[in-house]
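In case you want the letters, here they are:
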Amino acid sequence: MLRKKTNGVARRPQGASILRDAAHKSVDRRTFLKGSGVAAGGLAAITATGGSVTRAEAQTSDNAVQLVKSVCTHCSVGCTVIAEVSNGVWVGQEPGWDSPFNLGSHCAKGAAVREHAHGERRLKYPMKKEGGEWKRISWDEAINEIGDKMLEIRAESGPDSVYWLGSAKHNNEQAYLFRKFAAYWGTNNVDHQARICHSTTVAGVANTWGYGAMTNSYNDIHKSKAIFIIGGNPAEAHPVSLLHVLRAKEQNNAPLIVCDPRFTRTAAHADEYVRFRPGTDVALIWGILWHIFENGWEDKEFIRTRVWGMDQIREEVAKWSPDEVERVTGTPESQLKRVARTLANNRPGTVIWCMGGTQHTNGNNNTRAYCILQLALGNMGTSGGGTNIFRGHDNVQGATDLGVLSHTLPGYYGLSAGAWGHWARVWDEDPDWLKSQFATVTGADGKEKNLMNLTGIPVSRWIDGVLEDPANTDQPNKVRAMVLWGHAPNSQTRMTEMKTAMEQLDTLVVIDPYPTVSAVLHDRTDGVYLLPACTQFETRGSVTASNRSLQWRDKVVEPLFESLPDHVIMAKFANKFGWADRLFRNIEMEDDETPNIEDITREFNRGLWTIGYTGQSPERIKAHMANQHTFDRTTLQAVGGPNDGEYYGMPWPCWGTPEMKHPGTPNLYDMSKPVAEGGLCFRARFGVERDGDNLLADGVSNPGAEIQDGYPEFTMQMLMDLGWDGDLTDEERSAIEAVAGPKTNWKTDLSGGIQRVAIKHGCAPFGNAKARAVVWTFPDPVPLHREPLYTNRRDLVADYPTYEDRKFYRLPTLYASIQKQDFSKDYPIILTSGRLVEYEGGGDETRSNPWLAELQQDMFVEINPRDANNLGVRDGAQVWVEGPEGGKVRVMAMVTERVGEGVAFMPFHFGGHYQGEDLRSKYPKGADPYVLGESTNTAQTYGYDSVTQMQETKATLCKISAA
Ligand code: SF4
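Bear in mind the structure is a predicted one, so any value in this text is a computation, not a measurement.

Caption draft 1: Structural detail: the overall build of the chain. Helix and strand counts for the chain come out as 34 helices and 36 strands. Against the 2.2 N^0.38 benchmark of 30 Å for 963 residues, the chain shows a C-alpha radius of gyration of 27 Å, consistent with a compact globule. Each of the three principal axes of the chain carries a C-alpha extent, and together these read 70 × 70 × 65 Å. Burial status across the chain gives 67% buried among its 963 residues. Taking all contacts inside the chain whose residues are at least 6 apart in sequence as the whole, residues at least 24 apart take part in 73%. Of the roughly 30300 Å² that the chain leaves accessible, carbon and sulfur atoms contribute 47%.

What follows is the structure, given as structure tokens:
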């Protein structure tokens, strides 16, 4: 049993590096494990550094401690970890001092990653459940049994009946390979965590100005004059990012405005805390914009030259008078006017958001509203401004970029015939063979459609792929086998239905360093496999931080126990399925089943022209890691040294080939610099004309551009028309000719010649357009406030109804049919959720880490004192929290004014208890996390974003009663 800390005494004296002990003794792995008492928790002397920041020095003797550079595997800040390795044993760790991201800091999670790798609660060998018991099996047995079953399902029900759920914990190479692997299997039923954390960001932001990512960087916040955070709690979710936020606050006297229904630890740092009702982000932003427009504080010249559709926004905002905003959000006029004035007077300011904004049925409206606020203020494309969207997991940005998604191939190419053609060329694959791997369906028009061109089922809805009648879906048969690869099921809503879905599957396969809640949620007695994957410290590869910079992790230790790296497990399955030779055609195998990581990087370098993942060769990324100290800690630009002028990690787009040496793009859409030096403009992605208006930029372009105005995206034909095609080399010209001749564009030219020549003439390959404030392809072209499906404000439903029910992403999706029912009398309290500093994601890794588990041992619900007193609930008491769909959790009450009256909050990192039952006995022996608890998502309900199928976890209803 763990015990809480009782005092603040550091376990390891400051300044006493463990190297001092370790380096002077011979410590082999066996002796180390014995001496450190792994099972008895004696690792304290080694591990509980608490983020100690003593500099380590390399030793030179045979038993020297080697320093291996890696990157924290928890959040997207990308903090460097210096691992201290002796005789193959990871004996200590320090934060990277030279990293411009973390500057020698770690949060508790980063300071404890050694124990993540060395964790005694890891899965140690493949297992299967047989007759209700976990049984150890070999890798060969596992691959053969699972592979045979999958091939049988494929033959009977088609490839879409196997769902390949990937991971935000893959490195870039593994993420890319995973998406390619699913394509070779013949399905788009492939997705990952990004669907349920920032898919509404990616869709909203990409459709506003071109790319769906953080525009600036954590470091660039140093230059912000104001910081506006909405629906984000970086003090807990991205702790080291606060270094950068607080620097702006202190150096620039930048006001920090935090908008959140809950008074978070981030709000505790705020100059202005704005409490608002969950699910009313659009109304709140329009309430601020109302004052900006009313007072003429918008940046008129910026809007004239670089924004389309602001007039339509103005019309909608005019409806949001201060009274109406207060009626809907609960926030008073005086405060929002002050916020508007603060933002207007302190430019450039940055806007930061996280899952408080994204996880809603109208999440795409929220993200676009935030963008529009920045466009109105003229805060885009400038250092200190931008939308700094903090991604969650360490490589959720990379896994998204590399296409572990059901609606696109790597690099956001989509699923059209042209997209498949592009990737088939990159893979040197026969497009007809690829096509033959997929099933077909008969469309409503009676025509046969190949499922390779239709979006797959998103991870948020995989349970409906199992439970829904196939007659109502756009795929031939149900999902019968589910592979959960590095994914926490308890991060998803509707867990009572998930339990049923897991029980109905033929086969459930979990591939993870830890068993996860997938091992225990269901009551299956057979047909469950647990395959031990390595952590990222047991392999090597690249990882993309939230700011789009790529970093390289070297391997710290060899795979522990019988675990294997993800790409090796993929190779095993590809061998079993008979197409490994095709999959690895251009990738060297280090042995039968170990694809060379650098070759995979080079392969995606050859294909990801859309977002500029083409310039970051493994050699360049490694050089940046080796020379971290040469990069400026604010601009991220190298000052002298071997990477002089380049930006740290070559934030994408890093245009052209590696040989072109583009420096990366530190701040997207920044027109103050030439494109060749990291400047950019808004992307011409939505055509050149709309309603008779020109969508291209009006009279502005990057310095040195030979077209001093807006222009469309580049094609070979355009180069010819401009007379610039003479700059192409013969090789480039013939590569372009081989694709589509004059129709070849900057995204499909495998030589990079079109990009190179466009940039040579000072232009952005993707054109130079206006951002669009109105996305005419979305259900709500102008972002609208819509009441949540489960709302207790019945008075607002008529004015702000949700959508009509409709079908997309293969599945019927409910909106109005839920909202029209009034649950508010029985379920009067709004339920929301979020993160804690000690844990990450579904929490299996961090709750299995003794140093983190010690810090937070109880799942809880925050209840406002007035609600608690009315319910007769006291602080620390056990309560039931029940959702309107019947799921309920038994948790500890934390009575606190952090939440407002009528609002309850639960963290989402817990699992292993289910509706009052402790499931500890269901874990394989020795692999149960130290801390178990109820999952908030057992009580969380139906609700999906109208564009991306993002789940709603931030505004549902519940009732609370004493347990
Ligand atoms: Fe840095 Fe995030 Fe890791 Fe903490 S969890 S050390 S902030 S990367």
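Now that the structure is up, let's keep going.
Caption draft 2: A look at the side chain of Thr-208. Tracing the chain through its elements places Thr-208 in helix 8 (residues 199–209). Take Thr-208: its relative accessible area is 1%, and that puts it in the buried class. Side-chain polar atoms of Thr-208 contact the backbone oxygen of Gly-204, separated by 2.7 Å.

Caption draft 3: Structural view of helix 8. In terms of burial, helix 8 is a largely internal element, 11 of the 11 residues being buried. When helix 8 is considered as a whole, its buried residues turn out to be Ser-199, Thr-200, Thr-201, Val-202, Ala-203, Gly-204, Val-205, Ala-206, Asn-207, Thr-208 and Trp-209. Tucked into the core, helix 8 has its buried residues touching strand 12 (349–353), helix 16 (355–358), helix 17 (363–377), strand 13 (387–389), helix 18 (396–401) and strand 25 (771–772). Phi for Gly-210, located one or two positions after helix 8, is positive at around 130 degrees.

Caption draft 4: Looking closely at the site of the ligand. Close to the ligand lie Cys-72, His-74, Cys-75, Gly-78, Cys-79, His-106, Cys-107, Lys-109, Gly-110, Pro-239 and Val-240. Per-class residue counts for the shell around the ligand are 6 nonpolar, 4 polar and 1 charged.

Caption draft 5: Structural view of the packing of helix 11 (residues 281–294) against helix 13 (residues 310–317). It is the contact of helix 11 with helix 13, at a shortest axis distance of 9 Å, that shows an interaxial angle of 105 degrees. The orientation of helix 11 relative to helix 13 falls into the category roughly perpendicular. Contact residues: helix 11 offers Trp-286, Leu-289, Trp-290 and Phe-293, while helix 13 offers Met-310, Ile-313, Arg-314, Glu-316 and Val-317. In the contact of helix 11 with helix 13, the residues fall into 7 nonpolar, no polar and 2 charged.

Caption draft 6: Broad picture of helix 25 (residues 597–605). Of all the 9 residues making up helix 25, 8 are buried; the element is thus mostly covered by neighbouring parts of the structure. Buried within helix 25 are the following residues: Ile-597, Glu-598, Asp-599, Ile-600, Thr-601, Glu-603, Phe-604 and Asn-605. Capping the start of helix 25, Asn-596 holds a side-chain oxygen 3.0 Å from the backbone nitrogen of Glu-598, two or three residues further along.

Caption draft 7: Geometry of the pattern of salt bridges. One pass over the structure, following the stated rule, counts 63 salt bridges. Put simply, Arg-121 and Asp-928 hold a salt bridge, and the shortest N to O gap is 3.2 Å. Taken together, the residues Arg-121 in the loop between helix 5 (113–118) and strand 4 (127–130) and Asp-928 in the loop between strand 34 (917–918) and strand 35 (933–934) connect sequence positions 807 residues apart. Neither residue differs from the other here; Arg-121 and Asp-928 are each classed as buried. A salt bridge links Arg-898 to Glu-862, with the shortest nitrogen-to-oxygen separation between them at 2.5 Å. Remark: Glu-862 occurs in strand 29 (residues 860–863) and Arg-898 occurs in the loop between strand 31 (888–895) and strand 32 (903–907); sequence separation between them is 36 residues. Here Arg-898 falls in the partly exposed class, since its relative accessible area comes to 31%.

Caption draft 8: Highlighting the packing of helix 11 against helix 14 (residues 322–329). Contact geometry for helix 11 and helix 14: axes closest at 9 Å, N-to-C directions at 160 degrees. What the angle tells us is that helix 11 and helix 14 run roughly antiparallel. Two packed elements cross with a definite hand, and for helix 11 against helix 14 that hand is left-handed. Between helix 11, through Ala-283, Leu-284, Gly-287, Trp-290 and His-291, and helix 14, the contact on the second element is made entirely by Pro-322, Val-325, Val-328 and Thr-329. Residues belonging to the contact of helix 11 with helix 14 are distributed by class as follows: 6 nonpolar, 3 polar and no charged.

Caption draft 9: Fine view of the UniProt feature "domain: 4Fe-4S Mo/W bis-MGD-type" (unreviewed entry) in the chain. Listed under "domain: 4Fe-4S Mo/W bis-MGD-type" (unreviewed entry) in the UniProt record, and renumbered for this structure, are residues 65–121. A distance of 26 Å separates the end C-alpha atoms of residues 65–121, which is 18% helix and 35% strand.

Caption draft 10: Region of interest: the sheet that holds strand 9 (residues 256–259). Read from one edge of the open sheet, 5 strands run 10-9-8-12-13, paired in parallel fashion. Only two strands of the sheet have a single partner each, and these edge strands are strand 10 (272–274) and strand 13. Strand after strand, the sheet turns through a mean of 15 degrees between neighbouring axes, direction not considered. Summarising the sheet, strand 12 and strand 13 pair through 3 bridges and their orientation is parallel. Its bridge partner being in strand 13, Val-351 is matched across the sheet by Thr-387.

Caption draft 11: Highlighting the pairing of strand 36 (residues 956–962). When strand 28 (residues 829–834) meets strand 36, the two strands line up antiparallel, connected through 3 bridges. Bridge pairing in strand 36 links Ile-830 to Leu-957.

Caption draft 12: Summary view of unusual backbone geometry. With omega at 0 degrees, the peptide bond leading from Arg-347 into Pro-348 counts as cis. Tracing the chain through its elements places Pro-348 in the loop between helix 15 (333–345) and strand 12. Here Trp-652 and Pro-653 are connected by a cis peptide whose omega angle stands at 0 degrees. Relative to the elements of secondary structure, Pro-653 occurs in the loop between helix 26 (618–626) and strand 23 (689–690).

Caption draft 13: Structural context of the nonpolar core. By size, the foremost hydrophobic cluster in this structure holds 160 residues, and its most contacted members are Trp-164, Phe-228, Trp-286, Leu-289, Ile-313, Leu-373 and Phe-714. In terms of residue count, helix 11 provides more of this core than any other element does, 10 residues in total. Non-local contacts of Ile-313, meaning those with residues more than four positions away in its chain, are made with Trp-286, Leu-289, Ile-372, Ala-773, Val-774, Val-782 and Pro-783. Counting residues in each nonpolar core, the second largest holds 32 residues, with Ile-457, Val-466, Leu-484 and Leu-919 among its members.

Caption draft 14: Quick look at the pairing of strand 17 (residues 507–512). Among the 6 residues in strand 17, 6 count as buried, and that is most of the element. By the alternation rule, side chains of strand 17 split into Thr-507, Val-509 and Ile-511 and Leu-508, Val-510 and Asp-512, which are all buried. Taken together, the 5 bridges between strand 16 (residues 481–485) and strand 17 define a ladder with parallel strand orientation. Bridge pairing in strand 17 links Trp-485 to Ile-511. Taken together, strand 16, helix 22 (residues 495–504) and strand 17 form a β-α-β motif whose crossover is right-handed. With 5 bridges joining them, strand 17 and strand 18 (residues 528–532) adopt parallel strand pairing.

Caption draft 15: View of the confidence of the model for the chain. Predicted confidence across the chain gives a mean pLDDT of 93, with 93% of residues reaching 70 or more. Below pLDDT 50 for its whole length, residues 1–59 participates in 106 contacts with residues either more than four positions away or in separate chains.

Caption draft 16: Broad picture of the packing of aromatic side chains. Under the criterion given, the structure shown has 44 aromatic pairs. Arranged with centres 5.1 Å apart and planes meeting at 80 degrees, the rings of Tyr-211 and Trp-652 form a pair that is edge-to-face. Placement of the pair is Tyr-211 in the loop between helix 8 and strand 8 (226–230) and Trp-652 in the loop between helix 26 and strand 23, with a sequence separation of 441 residues. Residue Trp-652 is classed as buried on the basis of its relative accessible area, which comes to 0%. The ring centre of Trp-185 lies 4.9 Å from the NZ or CZ of Arg-154, which sits over that ring.

Caption draft 17: Quick look at the sheet that holds strand 33 (residues 912–914). Pairing in this open sheet of 3 strands is mixed, and the strands run 34-33-35 from one edge to the other. Looking at the sheet topology across the chains shown, the edges are occupied by strand 34 and strand 35.

Caption draft 18: Structural detail: the side chain of Asp-401. Mapped onto the elements of the fold, Asp-401 is located in helix 18. With no salt bridge to any partner, buried Asp-401 finds its closest opposite charge in Arg-391, at an N-O distance of 5.9 Å. Among the polar contacts made by the side chain of Asp-401, one reaches the side chain of Tyr-613 at a distance of 2.6 Å. At 2.9 Å, the side chain of Asp-401 forms a polar contact with the side chain of Trp-652. Ignoring sequence-local partners within four residues, the contact set of Asp-401 consists of Pro-410, Gly-411, Tyr-412, Thr-544, Leu-608, Ile-611, Tyr-613 and Trp-652.

Reading guide: rules and limits
- Residues numbered from 1 in each chain as written.
- Predicted model: local features only at pLDDT ≥ 70, side-chain atom pairs only at ≥ 80, totals over all residues.
- Heavy atoms only, no water.
- Helix = DSSP H or I, 4+ residues; strand = E, 2+ residues; numbered from the N terminus.
- Rg over C-alpha atoms; globule rule 2.2 N^0.38 Å.
- Buried < 20%, exposed > 50% of the residue type's maximum accessible area, 1.4 Å probe, protein only.
- Contact = heavy atoms within 4.5 Å.
- Areas by Shrake-Rupley, 256 points an atom, 1.4 Å probe, with all protein chains shown as cover.
- Polar contact = N/O pair within 3.5 Å; in protein donor to acceptor, adjacent residues only side chain to side chain.
- Near = heavy atom within 4 Å.
- Nonpolar A, V, L, I, M, F, W, Y, C, P; charged D, E, K, R; others polar.
- Axes fitted to C-alpha atoms, helices over the stretch in contact; angles between N-to-C directions.
- Parallel < 35°, antiparallel > 145°, perpendicular 65-115°, else oblique.
- Salt bridge = Lys/Arg side-chain N within 4 Å of Asp/Glu carboxyl O.
- Left-handed = near helix turned anticlockwise from the far one by under 90°.
- UniProt positions renumbered as here; feature names shortened; annotations may be inferred.
- Pairing = 2+ DSSP bridges.
- Core = buried A, V, L, I, M, F, W, Y, C linked by side-chain atoms within 4.5 Å.
- Right-handed = clockwise from strand over helix to strand, strands pointing away.
- pLDDT = per-residue confidence, 0-100.
- Phe/Tyr/Trp six-rings, centres within 6.5 Å; stacked < 30°, edge-to-face > 60°.
- Lys NZ or Arg CZ within 6 Å of the ring centre and 35° of its normal.
- Lys, Arg positive; Asp, Glu negative; His and termini not counted.

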